[in-house]
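# Inside the fold
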Amino acid sequence: MTRFWQWLDQLGRLGTVRASWHAALGDEFADCQPLLRASDVVFSIEDPEWPGQILELEPQEDGSFLGFSQEIPSHRRPLAFKRGECVRLVPNLKGIAGFLGRKLGFTPADQPKWGQGAVHEIGSFDVKPGDPRPVHLFVPNLNPREASIKAAICDVESSILLLPTRAGFTQDVNTLAAKFAVRIIVLNSARGLEKLSIAPARSKIRGTKKKTVPPMFTPKAGWGWTDLVLSIERDGLRCRIHGDERIQPWDVMDIRLRHGRHPTRILRILGDLGMGKRLTQRRSDVNDRRAISDVRKFLKTYVMPMADDPFHEFKDGWGIKFTVNDRIGRRQVASMEEDEVADSPDEDSPFTYQDDIDPEEIAAFSIRRT
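Let me sum up the structure you'll find in this document. Since this is a predicted model, take the numbers as computed values, not measurements.

## Digging into the overall build of the protein chain
- Secondary structure summary: the protein chain contains 10 helices and 20 strands in total.
- Contacts spanning at least 24 positions in sequence make up 58% of the contacts within the protein chain whose residues lie at least 6 apart.
- When the accessible surface of the protein chain is split by element, carbon and sulfur atoms take 49% of a total near 19,600 Å².

Structure below.
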């Protein structure tokens, strides 16, 4: 399979004609056919007897083609091609997902779809029950290789990223992958198709011990999440319950407020839910499934460790039991978007929302008004 990954890395999603795949893969072609699918018939083809020369194809009445030289005068007489030789074969994402799932031991997606960029989610790997990690395949596009891989790593935090070859896999890429807890596997390497055994782990700094931050409130008898009011402010999160009010700075809660067009994901989700919206959790999107879990963990860790669930599942999605002061929160979030406020990241943070989120990721959430 080594040659297949090399050609996938070279051709990307565009593929090439069956004749070229056959010539490149040789005796591997039969085994690789499930990883390819027919797309369309091409209008030109490389001369198999004169590499570098292109033949223009003209259809014949019997369905075959004649290839005419582009050169003037012609470098050769017209050459006949069977129709099957002129069909373009492109990567079959479902076939690739199934093959790699069997080899690496992850669950392939039922209907994997090509993404807009260079990374495409093809399945998930269960580190342990209830803790799936998405598996993404990198297929090069027209952008510079190393830059594309770095952009992909930032988009698929805490996941497994499969690279067809080592092209563009530099030390800088490896360092960035460790920062974002992305495990990279090179498919055409000696161990590229071995079974997955461990999940990517966050990079830890030796000799440091994570400090424990106590929650703002200790639950009392009769207290519930419906009694809690949250306000999103510049200096931190202000919480009030039964006349008791506390504020916790953002950096203490492992949240960075970074300069940019969008607030961090925790604030955006709280703000949207505070407006009465619902957040659905589509099974096809790992980020959607983790959103409510992350916010629930945040509230129970830093606000109030109650056994009760701060969220309620309605017919149209998840909604909050507590109250978010929307008037204050929206004004403060808007102010945060305009100012440059940045703190050092905490690589040991147990949460997944530390970095600013891309507009496309926010758009991926299915949110409905009530």
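## Digging into the nonpolar core
- Phe217, Leu228, Leu237, Leu299 and Val303 are the most contacted members of the largest nonpolar core, which totals 33 residues.
- Sorting the residues of this core by element identifies strand 13 (229–232), strand 14 (236–241), helix 7 (265–274), helix 8 (286–302) and strand 18 (317–320) as the ones contributing at least two each.
- Looking at which element gives the most residues to this core, the answer is helix 8, with 6 residues.
- Contact partners of Leu228, with chain neighbours within four places excluded, come to Phe217, Cys239, Arg240, Ile241, Val303, Phe322 and Thr323.
- Counting 28 residues, the second largest nonpolar core, distinct from the first, contains Cys32, Ile122, Val139 and Leu196.

## Considering the pairing of strand 13
- Burial along strand 13 is two-sided: the face carrying Val229 and Ser231 and the face carrying Leu230 and Ile232 are both buried.
- Relative to strand 14, strand 13 runs antiparallel, the two sharing 4 bridges. Directly across from Ser231, in strand 14, lies its bridge partner Arg238.
- Hairpin connection, strand 13 to strand 14: the antiparallel pair is bridged by 3 residues.
- Across 2 bridges, strand 13 lies against strand 19 (residues 323–324) in parallel orientation. By the bridge assignment for strand 19, Val229 is matched with Thr323.

## Thoughts on the sheet that holds strand 9 (residues 119–128)
- Within the open sheet, the 5 strands sit side by side as 8-9-10-11-12. Their pairing is mixed. One side of each edge strand has no neighbouring strand; the edge strands of this open sheet are strand 8 (107–108) and strand 12 (183–186).
- As paired strands, strand 8 and strand 9 are joined by 2 bridges and run antiparallel to one another. Note on strand 9: the bridge partner recorded for Thr107 is Ser124.

## Quick word on the packing of aromatic side chains
- A full pass over the atoms with the stated rule returns 7 aromatic pairs.
- Residues Phe4 and Trp21 carry aromatic rings whose centres are separated by 5.9 Å and whose planes lie at 25 degrees to one another, so their mutual orientation is stacked. Of this pair, Phe4 sits in helix 1 (residues 2–11) while Trp21 sits in helix 2 (residues 18–25); the two residues are 17 residues apart in sequence, bridging distant segments of the chain. Considered together, Phe4 and Trp21 belong to a single accessibility category, that of buried residues.
- Where Phe311 meets Phe322, the ring centres are 6.2 Å apart and the plane angle is 75 degrees; that geometry is what we call edge-to-face. Placement of Phe311 in strand 17 (residues 311–314) and of Phe322 in the loop between strand 18 and strand 19 is noted, with a sequence separation of 11 residues between them. As far as burial versus exposure is concerned, Phe311 and Phe322 are alike and both buried.
- Through a chain of ring-to-ring contacts, the aromatic side chains of Phe4, Trp5, Trp7, Trp21 and Phe99 assemble into a single cluster.

## Here's the deal with the pattern of salt bridges
- Tallying each qualifying case throughout the model produces 13 salt bridges.
- Asp244 is paired through a salt bridge with Arg246; the nearest N and O atoms lie 3.1 Å apart.
- With a closest N to O distance of 3.0 Å, Asp309 and Arg296 form a salt bridge. A residue pair is termed long-range when its members are at least 10 positions apart, and Asp309 in the loop between helix 8 and strand 17 and Arg296 in helix 8 qualify at 13 residues.
- Shared partners join several salt bridges into a network, and the residues in it are Arg3, Asp27 and Glu28.

Conventions we followed
Residues numbered from 1 in each chain as written. Predicted model: local features only at pLDDT ≥ 70, side-chain atom pairs only at ≥ 80, totals over all residues. Heavy atoms only, no water. Helix = DSSP H or I, 4+ residues; strand = E, 2+ residues; numbered from the N terminus. Contact = heavy atoms within 4.5 Å. Areas by Shrake-Rupley, 256 points an atom, 1.4 Å probe, with all protein chains shown as cover. Core = buried A, V, L, I, M, F, W, Y, C linked by side-chain atoms within 4.5 Å. Buried < 20%, exposed > 50% of the residue type's maximum accessible area, 1.4 Å probe, protein only. Pairing = 2+ DSSP bridges. Phe/Tyr/Trp six-rings, centres within 6.5 Å; stacked < 30°, edge-to-face > 60°. Salt bridge = Lys/Arg side-chain N within 4 Å of Asp/Glu carboxyl O.

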